[in-house]
Amino acid sequence: MTRAAAPRRTSRARLTARRFARNRLALCGLALLVLLFLAAYAGPLLSPWDHRTHDFLNFLSGPSAEHWWGTTQSGLDLYALTLRGLQKSLVIGVLVGVLSTFLSAVAGAFAGYFGGWTDRVLTGCVDLLLVMPAFLTVAVLSPLVRGSGWPVFVVLLAAFSWMITGRVVRSVTLTLKEREYVKAARYMGVPAPVVIFRHILPNLSSLLIVEAVIQAGAAVIGESGLSYFGFGVQPPDVSLGTVIADNTNMAASYPWLFFFPAGCLVLIGVSLAFIGDGLRDALDPDAAGAQARAKRRTPRTAGGAATKGHR
């Protein structure tokens, strides 16, 4: 009788990737996001027009072989202008998602781990920021930093979008700090920041990854809204919000001026929403979506393996 070979253990990253790959909507969202990045950075190379070049022979012309998405009132090529704005909106969304998630992870973990006055101060800051309307606050503060460039705008957006996730991280940290491995590290004299970044935050990776994707989508919508009202990205920089704002008044008569940039904005939101749902199901095996898509396999019994190997 031969001995059955022990099954190989699958790493967590590979198992998560398999669960994510079973979600067709998540794969469509990922493919769509990749296509948007390729279009934003490789698409302008296919057009002879620059986003700052005026065609004084074509004002408000419709889509044609010369101008694929038409031109604006000032003769700018809408294809090049929209892709330039798509670049800025994608970069802002990614940076705000990463920065706000980092702030929520650090503030929530430190508040939950240390407790005492550290918890009271950080929780008080969170409560203060939560009662302040983020959209209006950023709109009021943005003129004060006008001329500093869009990176300062990224900091403003991130500073008012981390609080809810920070509260969740704090609550989970209160439970994790009572685990045996965390107590063992503390008794061995491991510094508190090392315990937080090595033992607590890695156990929150699934939550933080999903929140980063959600925050990125919210940041793109928030940036476009602020830019639409003139409080976001300022000229000569361009974003989808500024492109939509500059052409809204003529959208009824010249619909391509609105549909193309607004369509790109919708595609970003849809792709990030699909990716966020897929990551949530893939990282949480108890989620209903993951259980519904999981393939049930019949395990091989030891008796069957023994019978097959028995002479």
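Please refer to the structure placed before this passage.
Residues numbered from 1 in each chain as written. Predicted model: local features only at pLDDT ≥ 70, side-chain atom pairs only at ≥ 80, totals over all residues. Heavy atoms only, no water.

(A) Representation of helix 11 (residues 240-247) within the structure. When you tally the buried positions in helix 11, you get six out of eight residues, the bulk of the element. In this structure, the buried residues of helix 11 make contact with helix 3 (78-114), helix 10 (205-228) and helix 12 (256-283). (Buried < 20%, exposed > 50% of the residue type's maximum accessible area, 1.4 Å probe, protein only. Helix = DSSP H or I, 4+ residues; strand = E, 2+ residues; numbered from the N terminus. Contact = heavy atoms within 4.5 Å.)

(B) Layout of the packing of aromatic side chains. Within this structure, the stated rule accounts for eleven aromatic pairs. Ring centres of phenylalanine 110 and phenylalanine 197 lie 6.4 Å apart, and the angle between their planes is 65°; this geometry places the pair in the edge-to-face category. Here phenylalanine 110, found in helix 3, pairs with phenylalanine 197, found in helix 9 (residues 192-200); they are 87 residues apart in sequence, far enough to count as distant. Judged by its relative accessible area of 42%, phenylalanine 197 falls in the partly exposed class. Geometrically, the ring pair formed by phenylalanine 135 and phenylalanine 229 is edge-to-face, given 6.3 Å between the ring centres and 90° between the ring planes. In this pair, phenylalanine 135 is assigned in helix 5 (residues 134-141) and phenylalanine 229 in the loop between helix 10 and helix 11, connecting sequence segments 94 residues apart. Since its relative accessible area comes to 53%, phenylalanine 229 is described here as exposed. (Phe/Tyr/Trp six-rings, centres within 6.5 Å; stacked < 30°, edge-to-face > 60°.)

(C) Geometry of the environment of valine 106. For valine 106, the position within the fold is in helix 3. A C-alpha to C-alpha distance of 9.3 Å links valine 106 and arginine 170, two positions 64 residues apart in sequence.

(D) Focus on the layout of surface pockets. Roughly 380 Å³ of volume is contained in the second largest pocket. Ranked by residues supplied to the lining of the second largest pocket, first place goes to helix 11 with five residues. Tallied by class, the residues present in the lining of the second largest pocket amount to nine nonpolar, nine polar and three charged. (1 Å grid on protein atoms, 1.4 Å probe; cavity = no way out; pocket = protein on both sides within 12 Å on 5 of 7 lines; lining within 4 Å. Points joined across faces, edges and corners; volume = space filled by probe spheres on them. Nonpolar A, V, L, I, M, F, W, Y, C, P; charged D, E, K, R; others polar.)

(E) Looking closely at helix 6 (residues 150-159). All of the buried residues in helix 6 are Phe153, Val154, Leu156, Leu157 and Ala158. Check the buried side of helix 6 and you find it contacts helix 3, helix 5 and helix 10.

(F) Looking closely at the side chain of glutamate 211. Among the secondary structure elements, glutamate 211 is positioned in helix 10. Lacking a salt bridge, the buried glutamate 211 has arginine 280 as its closest oppositely charged neighbour, with an N-O distance of 9.2 Å. Those residues within four positions of glutamate 211 in sequence are excluded, and the remaining contacts are Thr101 and Thr165. (Lys, Arg positive; Asp, Glu negative; His and termini not counted. Salt bridge = Lys/Arg side-chain N within 4 Å of Asp/Glu carboxyl O.)

(G) Looking closely at empty space enclosed by the protein. The tally for this structure, following the rule as stated, stands at two cavities of 30 Å³ or more. Taken together, Ala107, Gly108, Ala111, Leu122, Thr123, Val126, Trp162, Gly166, Arg167 and Arg170 make up the full set of residues lining the largest cavity. Among the elements of the structure, helix 3, helix 4 (116-131) and helix 7 (163-176) are those that each provide at least two residues to the lining of the largest cavity. Its residues assigned to classes, the lining of the largest cavity shows five nonpolar, three polar and two charged.

(H) Inspection of the pattern of salt bridges at higher detail. The full count for this structure, using the stated rule, is seven salt bridges. A salt bridge links arginine 52 to aspartate 50; the shortest N-O distance between them is 3.2 Å. Exposure remark for arginine 52: the relative accessible area of 61% places this residue in the exposed category. Here lysine 88 and aspartate 237 are joined by a salt bridge, their closest N and O atoms 3.5 Å apart. A residue pair is termed long-range when its members are at least 10 positions apart, and lysine 88 in helix 3 and aspartate 237 in the loop between helix 10 and helix 11 qualify at 149 residues. According to the relative accessible area criterion, lysine 88 is buried, its value standing at 9%. Through salt bridges with shared partners, one network takes in Asp277, Arg280 and Asp281.

(I) Molecular detail of the packing of helix 5 against helix 10. Look at helix 5 against helix 10: their axes get within 11 Å of each other, and the N-to-C directions meet at 50°. Classified by the angle their axes make, helix 5 and helix 10 are oblique. The two elements helix 5 and helix 10 meet at a crossing, and its hand is right-handed. Of helix 10, the residues touching helix 5 (which contributes Phe135, Val138 and Ala139) are Gly222, Gly225 and Leu226. Residue classes in the contact of helix 5 with helix 10 are distributed as four nonpolar, two polar and no charged. (Axes fitted to C-alpha atoms, helices over the stretch in contact; angles between N-to-C directions. Parallel < 35°, antiparallel > 145°, perpendicular 65-115°, else oblique. Left-handed = near helix turned anticlockwise from the far one by under 90°.)

Purely geometric numbers; function is a separate question.
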